[in-house]
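# Remarks on the overall topology
Now for the letters of each chain:
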Amino acid sequence: GGLSAEVRSQYEVTWEHVGSTSIRGMPGTLHPDSLLMINSFPPPRQIIQGLLDDGFVFFGSGPNHKDDLWFLKRIKKPGSVLDGKAYKIHVNKHGHPPALVLIETRNRCNNNPECFNDYKSSKIEAAKKLEEGDVFGYKKAKGECKTSETTG
């Protein structure tokens, strides 16, 4: 199963660990997110089939953009805090704005304490949506780091 080296090369597949689990010390739901970026969109059959062969199911488009495609897989690691959690892969074209936001938010939060605190506060506030059972509302409400990077 999975994506062959030939498919990864042909579609210029890159992988990024994103989301709360990629930010040191960030509270979250412990549902890991990854970003799979490719050179064409919609994803070719080989990409979709590789994900399905690896046990992922297509969930749909994310709440922030119709071209942010979500694939989910239940983690089976007895004894791990991740056992039973959903592993989500976002499939996007290279340079797609929602993908860049995920990467930029991770990088800013890992390198800028003010940004970390800003994002953490928005996540805590957004968690009220989760308590109401509104997962997409939570995803939209938590947003991204609003604090701009300072240089020099």
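I will try to describe carefully the structure that is included in this document. This structure is a prediction, so every number in the text was calculated from the model and none was measured.

Conventions we followed
- Residues numbered from 1 in each chain as written.
- Predicted model: local features only at pLDDT ≥ 70, side-chain atom pairs only at ≥ 80, totals over all residues.
- Heavy atoms only, no water.
- Disulfide = S-S within 2.5 Å.
- Axes fitted to C-alpha atoms, helices over the stretch in contact; angles between N-to-C directions.
- Helix = DSSP H or I, 4+ residues; strand = E, 2+ residues; numbered from the N terminus.
- Parallel < 35°, antiparallel > 145°, perpendicular 65-115°, else oblique.
- Left-handed = near helix turned anticlockwise from the far one by under 90°.
- Contact = heavy atoms within 4.5 Å.
- Nonpolar A, V, L, I, M, F, W, Y, C, P; charged D, E, K, R; others polar.
- Core = buried A, V, L, I, M, F, W, Y, C linked by side-chain atoms within 4.5 Å.
- Buried < 20%, exposed > 50% of the residue type's maximum accessible area, 1.4 Å probe, protein only.
- Expected span 1.5 Å × (residues − 1).
- Bend = angle between axes of the 7 residues up to and from the residue.
- Polar contact = N/O pair within 3.5 Å; in protein donor to acceptor, adjacent residues only side chain to side chain.

### Things to note about the state of the cysteines
Cysteine pairs can be covalently joined through their sulfur atoms, and such a bond is termed a disulfide. Enumeration over the complete set of coordinates arrives at zero disulfides. Sulfur of C109: no disulfide; nearest cysteine sulfur belongs to C115 and is 4.1 Å away.

### So, the packing of helix α3 (residues 97-111) against helix α4 (residues 113-131)
One can describe the packing of α3 onto α4 by two numbers: an axis separation of 5 Å at closest approach and a directional angle of 120°. Considered as vectors, α3 and α4 are oriented oblique to each other. For α3 against α4, the interelement crossing comes out left-handed. Between α3 and α4, the contacting residues are T105, R108, C109 and N111 on the first element and P113, C115, F116 and Y119 on the second. Class assignment for the residues of the contact of α3 with α4 results in five nonpolar, two polar and one charged.

### Re the nonpolar core
Residues V13, L36, I47, L51 and V91 are the most contacted members of the largest nonpolar core, which totals 13 residues. Secondary structure elements with two or more residues in this core: β2 (33-38), α2 (45-53), β4 (69-74) and β5 (86-93). Listed in part, the six residues of the second largest apolar core include I23, M26, C109 and F116.

### Examining α4
In a regular helix each residue adds 1.5 Å, so 19 residues correspond to 27 Å; α4 covers 27 Å between its end C-alpha atoms and thus fits that length. Within α4, the axis deviates most sharply at E125, by approximately 25°. The N-terminus of α4 is capped by N112, whose side-chain oxygen sits 2.9 Å from the backbone nitrogen of E114. Count one or two residues on from α4 and you reach G133, which has phi positive near 80°.

### Description of unusual backbone geometry
For the peptide bond that leads from F41 to P42, omega is 5°, which places it in the cis range. Within the element layout of this structure, P42 appears in the loop between β2 and α2. A positive phi angle, near 50°, is found at E12, a position not held by glycine. With respect to the helices, strands and loops of the structure, E12 is situated in the loop between α1 (5-10) and β1 (14-18). The class of E12 is partly exposed, set by a relative accessible area of 47%.

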